[in-house]
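Breakdown of the fold
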Amino acid sequence: AEGLMFAFICTIRHRLSNSFFPVLELPIGVGSAFEGWGACGGDSIYRFLVPLKPPHGHTFHLEPDTAGEMPARNFRIRVELLCSCTTEQRLENTQCFLHHPEEDLRGIQAPVPLHTLCTGYYLDVEKTVCWFSDNLKAVWKDLSASSQSLLTMLPSSRSCKFEVTNDNQKIFTVDVVFGVQQGNSDIFLSSQATEATFTPSTTWPESYDLAEVKFFRHIARQAPYNNFHLKCLQTAARILVGAGFSTYTLKTVVMHLLTIIPLSSQCNGDPLLFLLDAFQYLRNCLAEKCLHHFFFGNEKVPKEIVLPSHFRTAEPLNIFQHLAQDPDAQAKAWQEFLVLRDR
């Protein structure tokens, strides 16, 4: 899956090298398959984050979407023209979109992102996904894998999802999300779907996928011969099927536990005992109606994870804030927890 994704991105980048579409950076493996606790066998979905950089003559301006309620952190990405007068001489047949009259630009190049991938002046998730999917299908026949495998596009409006099969047997499924990096940090604004009933196509939620992958790699270096926490997450993922709690909630609990309980005392860790610790921690959070987001106001986040400067000094973000505000929601969560505990 990784090799194919790199081939896709490199081929598409070459195909678009003389255009003014966003620049595709190399894909980054994220999610459970790359954190080490994905489903065993052939059921894993390989999830990739493809960073987007603004094309020549444009810039991305990240705007917080204040319409959403916390703890959701949503943004819009405004695409703005950027003066390129000082660099245009180094780029053949280009003009500065900001300072050249529109009539002088006709027939040369057009500010494509503003017309094709935006709604208004804001980068549109669904248009970006459609644009990438069209390019992916166009270059598939140029890749060596196409002679032996079949590419099937799967329905998805906020990511590019496809399946690769060989002799009618699924080899793997890939889910590609797109992101714009916040500064030089490991935090992105992502095209990923949200739990909201309706998410506008110009909404880009904040993503911590890369930071989470780096966290689990950090833990693997600290305890290279013990993957009890990964077995715990695999077990939890199976238990959570059809339950009211998301795997992200349990993953947040596990990340907190891995920084609270010294790894030196877990060298002979038992996955089932650790899972019991995780459920006890979750029970306490339900009682207090508070589960802190792992990356906000948390001094225990490993220093090698690069966060925006305000993250470490921010007030902790309560994932269970809705439980504190809605007694009915808390009562429902308790019932779901009891079902989960029995499982």
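Anyway, here's the lowdown on the structure attached to this text. (Residues numbered from 1 in each chain as written. Predicted model: local features only at pLDDT ≥ 70, side-chain atom pairs only at ≥ 80, totals over all residues. Heavy atoms only, no water.)

**Description of the nonpolar core**
Counting 44 residues, the largest nonpolar core has Phe215, Phe245, Leu258, Phe295 and Phe320 as the members making the most contacts within it. Counting only elements with at least two residues in this core, the list comes to α6 (209-222), α7 (228-239), α8 (247-260), α9 (271-288) and α12 (327-342). Per-element accounting of this core gives the leading share, seven residues, to α9. Excluding anything up to four places from it in sequence, Phe245 contacts Leu240, Leu282, Leu286, Phe320, Ala333, Glu336, Phe337 and Leu340. With 38 residues, the next largest nonpolar core counts Phe132, Leu143, Phe162 and Phe178 among its residues. (Core = buried A, V, L, I, M, F, W, Y, C linked by side-chain atoms within 4.5 Å. Buried < 20%, exposed > 50% of the residue type's maximum accessible area, 1.4 Å probe, protein only. Helix = DSSP H or I, 4+ residues; strand = E, 2+ residues; numbered from the N terminus. Contact = heavy atoms within 4.5 Å.)

**As for the pairing of strand β3 (residues 45-53)**
Sheet analysis places strand β1 (residues 23-24) next to β3, joined by two bridges and oriented antiparallel. By the bridge assignment for β3, Val23 is matched with Lys53. Examined bridge by bridge, strand β2 (residues 28-30) and β3 share three bridges and lie antiparallel to one another. The residue bridging Ile28 from the neighbouring strand is Leu49, located in β3. (Pairing = 2+ DSSP bridges.)

**Quick notes on the packing of aromatic side chains**
For the coordinates displayed, the defined rule picks out 17 aromatic pairs. Consider the rings of Phe215 and Phe294, whose centres lie 5.0 Å apart with planes at 65°: the pair is edge-to-face. Linking Phe215 in helix α6 with Phe294 in the loop between α9 and α10 (309-313), this pair joins segments that are 79 residues apart in sequence. The pair formed by Phe215 and Phe294 is uniform in burial state, with each residue classed as buried. (Phe/Tyr/Trp six-rings, centres within 6.5 Å; stacked < 30°, edge-to-face > 60°.)

**Observations concerning the side chain of Ser159**
Its location among the elements puts Ser159 in the loop between β8 (150-154) and β9 (160-166). Residue classification places Ser159 among the buried residues on the basis of a relative accessible area of 6%. Polar contacts involving the side chain of Ser159 include one to the side chain of Ser156, which spans 2.8 Å. Leave out the neighbours within four places in its chain, and Ser159 touches Val129, Asp175, Val176 and Val177. (Polar contact = N/O pair within 3.5 Å; in protein donor to acceptor, adjacent residues only side chain to side chain.)

**A few points about α8**
Working note: α-helix, 3.6 residues per turn, so residues spaced by three or four point in the same direction. The terminal C-alpha atoms of α8, which comprises 14 residues, lie 20 Å apart, in line with the 20 Å expected from a rise of 1.5 Å per residue. Extensive coverage of α8 is indicated by the burial of ten of its 14 residues. Those residues of α8 not exposed but buried are Thr249, Leu250, Lys251, Thr252, Val253, Val254, Met255, His256, Leu257 and Leu258. Structurally, α8 contributes buried residues whose contacts are with α2 (32-35), α6, α7 and α9. (Expected span 1.5 Å × (residues − 1).)

**A look at the environment of Ala243**
Among the structural elements, Ala243 can be located in the loop between α7 and α8. Judged by relative accessible area, Ala243 falls into the partly exposed class, the value being 27%. Spatially, the C-alpha atom of Ala243 lies 7.0 Å from that of Leu340, the residues being 97 residues apart in sequence. Not counting residues within four places of it along the chain, the set of residues in contact with Ala243 comprises Leu340 and Arg343.

**Regarding the packing of α8 against α9**
Axis separation between α8 and α9 bottoms out at 10 Å; the angle between their running directions is 110°. Between α8 and α9, the interaxial angle falls into the category roughly perpendicular. Side by side, α8 and α9 meet where Thr249, Leu250, Val253, Val254, His256, Leu257, Leu258 and Ile260 of the first sit next to Phe274, Asp277, Ala278, Tyr281 and Leu282 of the second. (Axes fitted to C-alpha atoms, helices over the stretch in contact; angles between N-to-C directions. Parallel < 35°, antiparallel > 145°, perpendicular 65-115°, else oblique.)

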